[in-house]
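Reading the structure
Chain residues, written in single-letter form:
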There are 2 protein chains.
Amino acid sequence: MQIRNNIRRLLQYRMCLIRFRELGFERVYSYSLGREAGVSPEQIRKDFSRFGIKGNKRGGYLISELLDSLNYIFGKNELQDVILIGVGNIGMALARYNCGFFKRRKYIVAGFDIDPSKIRKINEIPVLPMEVMPRFVKENGITVGIMAVPAVSAQEVCNSLVNAGIKGIMNFAPIVLKAPKHVVIENINLCNVLESVIYCANYARDDLGVLEC
Amino acid sequence: MQIRNNIRRLLQYRMCLIRFRELGFERVYSYSLGREAGVSPEQIRKDFSRFGIKGNKRGGYLISELLDSLNYIFGKNELQDVILIGVGNIGMALARYNCGFFKRRKYIVAGFDIDPSKIRKINEIPVLPMEVMPRFVKENGITVGIMAVPAVSAQEVCNSLVNAGIKGIMNFAPIVLKAPKHVVIENINLCNVLESVIYCANYARDDLGVLEC
DNA sequence: ATGGTTATGTTATTATTTTCACAAAAAGTG
DNA sequence: CACTTTTTGTGAAAATAATAACATAACCAT
């Protein structure tokens, strides 16, 4: 978890900057951006510094320049293709959400499922049988996959993704995936997140006298 | 972000323990649990220690006892009601996912939406008009809400939730919500998560020579 | 029993992250 | 043009978190 938090914050800054631009602003200061992104101004300057992003010593940052820099870092200019494995409940929602991804030039180009009844187009995205996945990945140079499969088959699916050459996985199955360390895995356990919020909202201040949550 | 990471890891441990139990195991060691949860054994012992969970100096931990302790901490024994605001694409998927939540005794008891066409039952969950929300929250003692509304209306919805007495929010809108600090907010920006995975998978090792991601 | 082995619980150490502090640069002002 | 103000950029300090180390308790074998 070295650079990961930097990246995450940078993406958040970008989100805020886009809104600032829509509101007609031209410049931001680490202070104003920090306020919007819920981060300290020093943190922002440090994060920018880490990626060589420079501002103007008196005039803060030019939003358009900042966005250019951030878009360059995140490869916004080329479209980045992603696949989706498991077109059940969550998978379906993500496929439908694709236009949200598309705005950021991330695009689910295909879905895969073992269930033959799922093999059809969803929102323009072709859903293909699981066996085709490795070839698809190789032929299209796919490097990142979104997994929305049941927990029982998740590790197996992960293995075949890695074998096919996938380098990054966003995983919604409630399991901690094991993969070679050159593969980036982001586990998103919706149940656990909800539960942690419930805990912090209801119980945290009663136990141990700990408030900070 | 004081206790939050502890909580999150504890929930992950529980997840692993449930699987261990299903596989017929009776005991775990910090080492074996750590391997499964992707965490160091010392970390696990530290986390347990923080919450007063004790093991057996030679025999590790009895899975059933551990699960009892964890379930006690997270209030697994009583059913915890949650509401959902915004029954669009993501919201709908979460409503349908409810049985997954239910297994953990977290339950979406109602959805709310401003769009009148959404006012109907989804998967047994009644969807009500937004105006009814404050009364519903008060009458049913709801403390936690899941927000899956568009970014433009998110802050406004957040405000009315807080006014209604909500203490914790799991937010899927791509915006950093501002709320009084006694309210716990967890922002889940699916685009940003995907983008960070893509970045780490493709670019991280090229820039700056940083590998750790 | 008793000695050896193993895994916990906790203290000490190290590493990482965040905050603080301040010099330097830009911009405005008289 | 000097002088003041403001905001960046960064090195030092503080706070947090993770890892290592080790004493202690439980178990096992003899």
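Here we summarise the structure given alongside this text. Predicted, not measured: the structure shown is a model, and the values here were computed from it. (Residues numbered from 1 in each chain as written. Chains lettered and ligands numbered in written order. Predicted model: local features only at pLDDT ≥ 70, side-chain atom pairs only at ≥ 80, totals over all residues. Heavy atoms only, no water.)

A few words on the overall build of chain A. A count of helical and extended segments in chain A gives nine helices and nine strands. Principal-axis analysis of the C-alpha atoms places the extent of chain A at approximately 60 × 50 × 30 Å. Of all 213 residues assigned to chain A, the portion counted as buried reaches 53%. Sequence-distant contacts, at least 24 apart, represent 56% of the contacts inside chain A between residues at least 6 apart. Per element, the accessible surface of chain A, about 10,200 Å² overall, is 52% carbon and sulfur. Distance from the positive charge centre (29 side chains) to the negative charge centre (20 side chains) of chain A: 6 Å. (Helix = DSSP H or I, 4+ residues; strand = E, 2+ residues; numbered from the N terminus. Buried < 20%, exposed > 50% of the residue type's maximum accessible area, 1.4 Å probe, protein only. Contact = heavy atoms within 4.5 Å. Areas by Shrake-Rupley, 256 points an atom, 1.4 Å probe, with all protein chains shown as cover. Lys, Arg positive; Asp, Glu negative; His and termini not counted. Charge placed at Lys NZ, Arg CZ, Asp CG, Glu CD.)

It is worth spelling out the relation of the copies chain B and chain A at this point. When chain B is fitted to chain A, the best match, at an RMSD of 0.0 Å, comes from turning it 180° and sliding it 0.0 Å along the axis. Such a combination of turn and shift is consistent with a two-fold rotation axis. When C-alpha distances to the rotation axis are compared across chain B, the minimum falls at B:A93, with a value of 3.0 Å. Interface residue correspondence from chain B to chain A reaches 100%, placing this contact among same-surface, isologous pairings. (Least-squares fit on C-alpha atoms with pLDDT ≥ 70 in both.)

All names here are of chain B. Relative to strand β6 (residues 125–129), strand β4 (residues 106–113) runs parallel, the two being bridged by three bridges. Bridge assignment links G111 to a residue of β6, and that residue is V127. Following strand β5 (residues 121–122), the chain reverses through two residues before pairing antiparallel with β6; N123 in that reversal takes a positive phi of roughly 55°. (Pairing = 2+ DSSP bridges.)

A separate point is the pairing of strand β6 (residues 125–129) of chain A. Here is the key point about a regular strand: its side chains alternate between the two faces of the sheet. Strand direction decides the pairing type here: strand β5 (residues 121–122) of chain A and β6(A), joined by two bridges, are antiparallel. When the sheet's bridge partners are listed, A:K121 is paired in β6(A) with A:P126.

Once that is clear, we can look at the sheet that holds β5(B). In space, the seven strands of this open sheet follow the order β5-β6-β4-β3-β7-β8-β9 (chain B), with mixed pairing throughout. For this open sheet the edge positions go to β5 and β9 (184–187) of chain B, each flanked by a neighbour on one side alone.

Moving on, we come to the environment of B:V39. All names here are of chain B. Looking at the element boundaries, V39 is found in the loop between α2 (30–37) and α3 (41–50). Along the chain, V39 and F101 lie 62 residues apart, while their C-alpha atoms are 25 Å from each other. Beyond its immediate stretch of four places on either side in the chain, V39 contacts R9, Y13, G34 and I44.

At the interface, 66 residues of chain B touch 67 residues of chain A. When chain B packs against chain A, the two sides together hide about 6,300 Å² of surface, and 67% of this comes from carbon and sulfur. Per-residue buried area on chain B facing chain A is highest for B:L194, B:E195 and B:Y199; these three make up 10% of the total on that side. Counting across the interface, chain B meets chain A through eight salt bridges. We note a salt bridge from A:K106 to B:E195, for which the minimum N-O separation is 3.3 Å. Seen at the junction of chain B and chain A, the total is 14 residue pairs in polar contact (both at pLDDT 80 or more). (Buried area = accessible area lost by both parts, 1.4 Å probe. Salt bridge = Lys/Arg side-chain N within 4 Å of Asp/Glu carboxyl O. Polar contact = N/O pair within 3.5 Å; in protein donor to acceptor, adjacent residues only side chain to side chain.)

A few words now on unusual backbone geometry. Glycine aside, negative phi is the norm for most residues, and most peptide bonds take the trans geometry. Residue and element names in this part refer to chain B. The phi torsion at R105 lies on the positive side, around 65°, for a residue other than glycine. Residue placement: R105 occurs in the loop between α6 (98–103) and β4. Backbone geometry places E124, a non-glycine residue, at a positive phi of 75°. Looking at E124, the relative accessible area reads 63%, which means it is exposed.

Before going further, it helps to spend a moment on the protein's contact with DNA strand C. Taken together, 23 residues form the shell around DNA strand C, and within it A:K46, B:S30, B:R45, B:G55 and B:Y61 come nearest. The contact atoms of DNA strand C, taken as those within 4 Å of the protein, divide so that sugar and phosphate hold 62%. One nitrogen or oxygen atom from the side chain of B:R58 is found 3.2 Å from a base oxygen belonging to DNA strand C. Elements that contribute at least two residues to the surface near DNA strand C include exactly α3 (41–50) of chain A together with α3 of chain B. For the surface near DNA strand C, the element with the most residues is α3(A), which contributes four residues. Looking at the surface near DNA strand C residue by residue, the class counts come to three nonpolar, nine polar and 11 charged. (Near = heavy atom within 4 Å. Nonpolar A, V, L, I, M, F, W, Y, C, P; charged D, E, K, R; others polar.)

So, on to the side chain of B:R14. With respect to the helices and strands, B:R14 occurs in helix α1 (residues 4–22). Those residues in contact with B:R14, other than ones at most four positions away along the chain, are A:E195, B:L67, B:L70, B:N71, B:F74, B:K76 and B:R104.

Residues and elements named next belong to chain A. Relative orientation of the contacting elements helix α1 (residues 4–22) and helix α4 (residues 63–73) amounts to 140°, with a least axis distance of 10 Å. Between α1 and α4 lies a crossing of left-handed hand. Residue-level contacts link L10, R14, L17, I18, F20 and R21 of α1 to I63, L66, L67, L70, N71 and I73 of α4. The residue makeup of the contact of α1 with α4, split by class, is nine nonpolar, one polar and two charged. (Axes fitted to C-alpha atoms, helices over the stretch in contact; angles between N-to-C directions. Left-handed = near helix turned anticlockwise from the far one by under 90°.)

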